[in-house]
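So the chains spell out like this:
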Amino acid sequence: MQSKTEWRSPDSQPALSGQSVHIWRAPLSLDAGQLEKMVRTLSDEERARAKRFLFERDRNSFVASHGILREVLGRYSGRGPGEIEFTYGPYGKPELAGDGSSRSFRFNLSHSDGVALIAVAKERAVGVDVEKIQPERAGEEIADRYFSREEVDELRALPAELRSEGFFLCWTRKEAYVKALGEGLRFPLDSFQVSLSPGEPAQLFAEAGAGWSVESFDPSFAAEARYAGAVVAEGKDSICEYFAWK
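Position numbers for residues count from 1 along each chain, tracking the sequence in the order it is written. The predicted origin of the model limits local features to residues at a pLDDT of at least 70 and limits the giving and counting of side-chain atom pairs to 80 or more, whereas totals for whole chains, interfaces and linings rest on all residues. Derived side-chain values reflect all non-hydrogen atoms in the structure, with water molecules and hydrogen atoms excluded from consideration.

Which parts of the structure should I look at to understand the sheet that holds strand 1 (residues 20-27)?
By definition, the strands of a sheet pair up through backbone hydrogen bonds, in either a parallel or an antiparallel sense. Reading across from one edge, 4-5-1-11 is the order of the four strands in this open sheet, with mixed pairing throughout. In this open sheet, the two strands that pair with only one neighbour each are strand 4 (105-112) and strand 11 (239-244). Averaged over all adjacent pairs, the angle separating strand axes in this sheet is 20 degrees, with direction ignored. Strands are labelled as partners when DSSP assigns at least two bridges between them. Secondary structure is summarised from DSSP: a helix means a run of H or I of at least four residues, a strand means a run of E of at least two, and numbering begins at the N terminus for each. Sheet analysis places strand 1 next to strand 5 (residues 115-122), joined by seven bridges and oriented antiparallel. Bridging across to strand 5, Arg25 finds its partner in Leu117. Whether two residues are in contact is decided by their heavy atoms, any of which lying within 4.5 Å being enough. Think of each axis as a best-fit line through the C-alpha atoms, taken over the contacting stretch in the case of a helix, with angles from 0 to 180 degrees between the N-to-C directions. Of the strands in this sheet, strand 1, strand 4 and strand 5 are in contact with helix 3 (residues 56-77), which crosses strand 4 at around 155 degrees.

Just checking my understanding: could you explain the side chain of Ser220 for this structure?
Within the secondary structure, Ser220 is located in the loop between strand 9 (212-217) and strand 10 (227-234). Overall, Ser220 belongs to the buried group, its relative accessible area being 5%. Polar contacts involving the side chain of Ser220 include one to the side chain of Asp218, which spans 2.7 Å. Those residues in contact with Ser220 that sit more than four places away from it in its chain are Lys4, Arg25, Ala225, Arg226 and Tyr227. Partly exposed residues are those whose accessible area sits between 20% and 50% of the maximum for their type, while under 20% is buried and over 50% is exposed, using a 1.4 Å probe and protein chains only. The definition of a polar contact used here is a pair of N or O atoms within 3.5 Å, where within protein one atom must be able to donate a hydrogen and the other to accept one, and adjacent residues in sequence count solely through side-chain atom pairs.

Is there a simple way to explain the packing of aromatic side chains in this structure?
Any aromatic ring pair is given by two values, namely how distant the centres are and how the planes are angled relative to each other. Side-chain rings of Phe, Tyr and Trp (the six-membered ring for Trp) are treated as a pair once their centres are within 6.5 Å; stacked means planes under 30 degrees apart, edge-to-face means over 60, and tilted covers the remaining angles. All chains considered together, the criterion is met by 16 aromatic pairs. Pairing Tyr146 with Trp171 gives two aromatic rings, centres 5.6 Å apart and planes at 85 degrees, and the pair type is edge-to-face. Remark: Trp171 occurs in helix 7 (residues 163-181) and Tyr146 occurs in helix 5 (residues 140-146); sequence separation between them is 25 residues. Assessed through its relative accessible area of 28%, Tyr146 is described here as partly exposed. A relative accessible area of 16% places Trp171 in the buried class.

Just checking my understanding: could you explain the pattern of salt bridges for this structure?
Pairs can form between side chains of opposite charge once their charged atoms are near each other. Salt bridges are identified by distance alone: a Lys or Arg side-chain nitrogen within 4 Å of an Asp or Glu carboxyl oxygen. On inspection of all chains with the given rule, the structure shows 14 salt bridges. Of the charged contacts in the structure, one is a salt bridge between Arg49 and Glu45, with a shortest N-O distance of 3.9 Å. With Arg49 and Glu45 both in helix 2 (residues 44-51) and four residues apart, the pair spans about one turn of that helix. Residue Arg49 is classed as partly exposed on the basis of its relative accessible area of 31%. By relative accessible area, Glu45 is classed as partly exposed at 42%. Arg75 serves as the salt-bridge partner of Glu71, at 2.9 Å between the closest nitrogen and oxygen. Here Glu71 pairs with Arg75, and both are found in helix 3, just four residues apart, close to one helical turn. Here Glu71 falls in the partly exposed class, since its relative accessible area comes to 23%. Bridged by salt links that share partners, the residues Arg57, Asp113 and Lys132 form one connected network.

In this structure, what is going on with the sheet that holds strand 10? I would like to understand it.
The three strands lie next to each other as 6-10-9, forming an open sheet whose pairing is antiparallel. The sheet is open, and its two borders are formed by strand 6 (126-132) and strand 9, each paired with just one other strand. Here the strands of the sheet are splayed against their neighbours by 15 degrees on average, with no regard to which way each runs. Pairing of strand 6 with strand 10 involves seven bridges; the strand directions are antiparallel. Counted as the bridge partner of Val130 is Gly229 from strand 10.

Shown next as structure tokens:
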């Protein structure tokens, strides 16, 4: 498994420099009082989306993740969580609405099975992804469909006990890159390549890959539930910092 990541709990709002990429980790198992507080900060459109979930767990995860996103973005922009407004790119990627200082912040949200990640950067595109490592979802048929031929070959060359981790290292790196680009499903996952061998540096091989940095990390809260996380940011000079949301 990738080395354990140190998640700091800052006493004050950390400063975000032009090179910094801040990654916040948050649990989504909030109590009823916390969820109600989060609901009040959401927009009407977000509340309507939450109501469309059939299962309470999925609905609560949506409310928690979007409420936490608003709280985190409020710290950077100097607004209350309920004052945050979004605009959306042509393929649905959200951006902060408002004046120039607010719009300079770029962000991305991902959540999986009780864990949320939020990446925030200044004047550089960023994408983040988290996935729970589940061997039953790491099948070769999925790799054959979504991974490049080079990635499939690298995955098959791994020892059997490392293939699940390698699969999710690959998946999160690819998803983070596509999310950073903001082009959605129109950008095929098999049109570029990432490294995936556990213990080796994360690498991105794409037509525009020279202008991006990629980093993998461990967002797990406990050893019994293993997760893979990845962040991709515009520019090769990015410095990632990891924080625990409180």
